[in-house]
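# Report on the structure
The lines below spell out each chain.
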Amino acid sequence: MKPVSLIQFLIEERRAGHINTELSLLIEVVARACKRIGVATGKGALGGVLGAAGTDNVQGEAQKKLDVISNEILLEANAWGGHLAACASEEMEDPQPIPDMYPKGQHLLLFDPLDGSSNIDVNISVGTIFSVLRCPDDVTDPKAEHFLQAGTTQLAAGYVVYGPSTLLVLTFGHGTHEFTLDREIGSFTLSRRDIRIPEQTGEFAINMSNQRHWEAPMQRYIGELLAGKDGPRGRDFNMRWVASMVADVHRIVTRGGVFFYPLDAKIKSKGGKLRLMYEANPMAFIVEQAGGAATTGRERIMDVQPTGLHQRVPVFLGSSQEVEHATRYHREADSAQG
Ligand code: AHG
């Protein structure tokens, strides 16, 4: 079969009426920026990109040099194309307007420029996550409040993994598709169309070091998985935790599995660990479009009405039967408490 490039795929999606020209251009620009991030990431120590930047981001987290570099690459690439009304990033408190000298488009772009940044210096896969929303029609100067749209309104979502291969996984709400970067010709090429995540799985991902801080229903659910054949589930489960959400989600998108970053006593006041607008929502859209499920443990992630640009939520996502099982335990515990 002849290889299908990302550009060809975007033209097909346009002809199918799934996206307009502006959104197609936006995805091309994001993909091109991510190729540059991939090159910067790949240089490692030789490019002087490892280590701390010596600054903190809006959430008070220490930034790595590559967090800052990746953020700048995405901002710069998207400033002048005329397809965006504004950008928002994990690394910036407020949305970044489009400079006055450039035309403005109808879309809002949100991104985590370099997810899993604790893994950069140890040469483990990291990634970029992004989400695209429509700018409300009557808004010419978008502010944070205009980004606060539920995940169900996303027009597109994607992530890029910078690993042994550089991969782009993308959805426009018509299936989830994977593109592998052909490094020789510099082109993202379709490698899997209409990915399906199996409903059932024997593999889960969670940071077990937080176990003692979890809520009771999470303790119950994971306790039963760990009990394996001898417990109520009657079979053994395997565990993986990369600590780069992109890499953990990509494993699930490839062979099934379930990923949890639940609420725990340490992070309860923040609402969770992962960010709704540029981590949980895009990943939920991608996973649902591949037949999986994504909840906060209580409700569907994409139904959450956002209240802040950098809002955090608990995340349960992946093979639908396990996500539903864990979510049921939380709902049962809530109703028992009245
Ligand atoms: P960041 O965006 O700061 O790189 O956060 C990484 C996220 C996510 O990628 C990963 O699943 C999780 O944090 C790992 O958290 P722990 O270190 O608590 O395991």
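Residues numbered from 1 in each chain as written. Predicted model: local features only at pLDDT ≥ 70, side-chain atom pairs only at ≥ 80, totals over all residues. Heavy atoms only, no water.

This paragraph deals with the pattern of salt bridges. On inspection of all chains with the given rule, the structure shows 19 salt bridges. With its nearest N and O atoms 3.9 Å apart, the salt bridge here joins D236 to K229. A relative accessible area of 58% means that K229 is categorised as exposed. The salt bridge involving E322 is made with R233; its shortest N-O contact spans 2.5 Å. (Salt bridge = Lys/Arg side-chain N within 4 Å of Asp/Glu carboxyl O. Buried < 20%, exposed > 50% of the residue type's maximum accessible area, 1.4 Å probe, protein only.)

Attention shifts here to the domain arrangement of the chain. For the chain, the assigned domains are domain 1 (6-192) and domain 2 (203-336). On a C-alpha basis, the centres of domain 1 and domain 2 stand 24 Å from each other. Taken residue by residue, the interface counts 50 residues in domain 1 and 32 residues in domain 2. Area buried by domain 1 at its contact with domain 2 is led by I129, L148 and Y159, which between them contribute 20% of it. Along the contact surface separating domain 1 from domain 2 lie 1 salt bridge. The interface formed by domain 1 and domain 2 holds 20 residue pairs in polar contact (both at pLDDT 80 or more) in total. For the side of domain 1 that touches domain 2, the secondary structure elements donating two or more residues are β3 (84-89), β5 (107-115), β6 (126-134), α4 (144-147), β7 (156-162), β8 (166-171) and β9 (176-182). When grouped by side-chain class, the residues that make up the side of domain 1 that touches domain 2 number 24 nonpolar, 19 polar and 7 charged. (Domains from an automatic or database assignment. Contact = heavy atoms within 4.5 Å. Buried area = accessible area lost by both parts, 1.4 Å probe. Polar contact = N/O pair within 3.5 Å; in protein donor to acceptor, adjacent residues only side chain to side chain. Helix = DSSP H or I, 4+ residues; strand = E, 2+ residues; numbered from the N terminus. Nonpolar A, V, L, I, M, F, W, Y, C, P; charged D, E, K, R; others polar.)

A few words now on helix α3 (residues 65-79). Along an α-helix, residues three or four apart share an orientation, since each turn contains 3.6 residues. Between the first and last C-alpha of α3 there are 21 Å, a value that for 15 residues agrees with the 21 Å anticipated at 1.5 Å per step. Where α3 is concerned, the buried positions are L66, D67, S70, N71, I73, L74, L75, A77, N78 and A79. The secondary structure elements touched by the buried residues of α3 are α2 (21-43), β2 (62-64), β3, β4 (96-97), β5 and β6. (Expected span 1.5 Å × (residues − 1).)

Time to look at unusual backbone geometry. Even without glycine at this site, N123 takes up a positive phi of about 60 degrees. By the element assignment, N123 lies in the loop between β5 and β6. With phi around 75 degrees, A243 is a residue other than glycine that occupies positive phi space.

If you look at the biggest cluster of nonpolar residues, it comprises 44 residues, and the most contacted ones within it are Y159, M245, F259, M283, V315 and L317. With 9 residues, helix α7 (residues 276-289) is the single largest residue contributor to this core. Per-domain counts for this core show at least three residues from each of domain 1 (6-192) and domain 2 (203-336). With residues near it in sequence (within four places) discarded, V315 still touches M245, F259, F260, Y261, P262, L274, A280, T295 and I301. (Core = buried A, V, L, I, M, F, W, Y, C linked by side-chain atoms within 4.5 Å.)

With respect to topology, 8 strands assemble into an open sheet ordered β4-β3-β5-β6-β7-β8-β9-β10, the strand pairing being mixed. Unpaired on one side and paired on the other, β4 and β10 (187-192) mark the two borders of the sheet. Strand contacts of helix α6 (residues 245-255): β5, β6, β7, β8, β9 and β10, with the helix running at about 105 degrees to β7, the strand carrying the most contacts. Of the strands in this sheet, β3, β5, β6, β7, β8 and β9 are in contact with α7, which crosses β6 at around 85 degrees. (Pairing = 2+ DSSP bridges. Axes fitted to C-alpha atoms, helices over the stretch in contact; angles between N-to-C directions.)

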